[in-house]
Every structure is written in C-alpha cells, then in structure tokens.
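A look at the structure
The residues making up each chain are set out below.
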Amino acid sequence: MNIDKELLNKIAHLARLEFDENTAEEMMSDMSKIITWVEKLNEVDTEGVEPLTTMSHEVNALREDEPKPHLSHDKALKNAPKKDSDYFRVPKVLE
C-alpha cells in the first residue's frame, strides 16, 4: 500500500500532526515502508499460537493486605513545608 498526498493529509489531520511540505515526501516514504512491513506480518502462519498479554513469565508477588498502625496527624504534618494548624498548605492551582 502506498501513501499518497491525500491519505497523508488525512492521517495528519486525524493524528493532529503538523509538518511542512519539505518533509511530506519523507513522511510518505516512511509510512509506506511501515505499512509494507506490517503487511509482511500477515504472511506469518500464526495457527495455534496463543496471543500474549505480556512478554515476561514472571508472576506478580502479591501480599496479604494487613492493617498496620496509621501515621499520626502530628507525625504527618511534622515535615510539611507549609501547614496551617491541622492541614497541609499547598499553592492554588486554579486559573
């Protein structure tokens, strides 16, 4: 499949890409190479091959959720850069 100027502009619009006319030819060439490579994957016999969800054979080592003593209010505020009696002080993020 070859990428022409019209298809390139449509892909650029959908992907919100911006490029100048000088790089359009290079983009069309690169996209054509990528699509050719992907089309070669269709030639591979995948009959009987299970899909992978991960490339690692490791299994998550999960631990039991055990209640532990919580951090006291005073200890939590001890190293706060700014505090106001019982609360952390943070800068405004509203515009």
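Only a predicted model underlies this, so the values are computations on that prediction, with no experimental measurement involved.

Glancing now at the pattern of salt bridges. Per the counting criterion, the structure on display carries 2 salt bridges. Notably, a salt bridge pairs Arg89 with Asp84, separated by 3.7 Å at the nearest N-O pair. Overall, Asp84 belongs to the partly exposed group, its relative accessible area being 38%.

This part is about the nonpolar core. Residues Ile3, Leu8, Ala24, Met28 and Met31 constitute the largest nonpolar core, which totals 5 residues. Ranked by the residues each element gives to this core, the list is headed by helix H2 (residues 21–41), at 3 residues.

In this section: the environment of Ser56. Turning to its location among the elements, Ser56 is positioned in the loop between H2 and helix H3 (73–78). In this structure the side chain of Ser56 is engaged in a polar contact, spanning 3.1 Å, whose partner is the backbone nitrogen of Glu58.

For H2, with 21 residues, the first-to-last C-alpha span of 31 Å sits near the 30 Å given by 1.5 Å per residue. Every buried residue of H2 is accounted for by Ala24, Met28, Met31 and Ser32. One face of H2 carries all of its buried residues, which in axial projection span an arc of 105°. Turned more than 90 degrees away from the buried face of H2, the exposed residues are Asn22, Glu26, Lys33, Ile34, Trp37 and Lys40.

For the rest of this paragraph, the subject is a nonpolar patch on the surface. A cluster of nonpolar side chains, namely Ile34, Trp37, Val38, Leu41 and Val44, defines an oily patch on the protein surface of about 500 Å² accessible area. On the accessibility criterion, Val44 (48% relative accessible area) is partly exposed.

On to the packing of helix H1 (residues 5–14) against H2, then. Two packed helices can be described by the angle between their axes and the distance between those axes. Where H1 meets H2, the axes come as close as 10 Å, and the angle between the chain directions of the two elements is 95°. As the angle between them shows, H1 and H2 are arranged roughly perpendicular. Packed against H1, whose contacting residues are Lys5, Leu8 and Ile11, the element H2 presents Glu21, Ala24, Met27, Met28 and Met31 at the interface.

Cut-offs and rules
- Residues numbered from 1 in each chain as written.
- Predicted model: local features only at pLDDT ≥ 70, side-chain atom pairs only at ≥ 80, totals over all residues.
- Heavy atoms only, no water.
- Salt bridge = Lys/Arg side-chain N within 4 Å of Asp/Glu carboxyl O.
- Buried < 20%, exposed > 50% of the residue type's maximum accessible area, 1.4 Å probe, protein only.
- Core = buried A, V, L, I, M, F, W, Y, C linked by side-chain atoms within 4.5 Å.
- Helix = DSSP H or I, 4+ residues; strand = E, 2+ residues; numbered from the N terminus.
- Polar contact = N/O pair within 3.5 Å; in protein donor to acceptor, adjacent residues only side chain to side chain.
- Expected span 1.5 Å × (residues − 1).
- Arc of directions from axis to C-beta.
- Patch = residues over 30% accessible without salt bridge, like charges linked within 9 Å, V, L, I, M, F, W, Y side chains within 5 Å.
- Areas by Shrake-Rupley, 256 points an atom, 1.4 Å probe, with all protein chains shown as cover.
- Axes fitted to C-alpha atoms, helices over the stretch in contact; angles between N-to-C directions.
- Parallel < 35°, antiparallel > 145°, perpendicular 65-115°, else oblique.
- Contact = heavy atoms within 4.5 Å.

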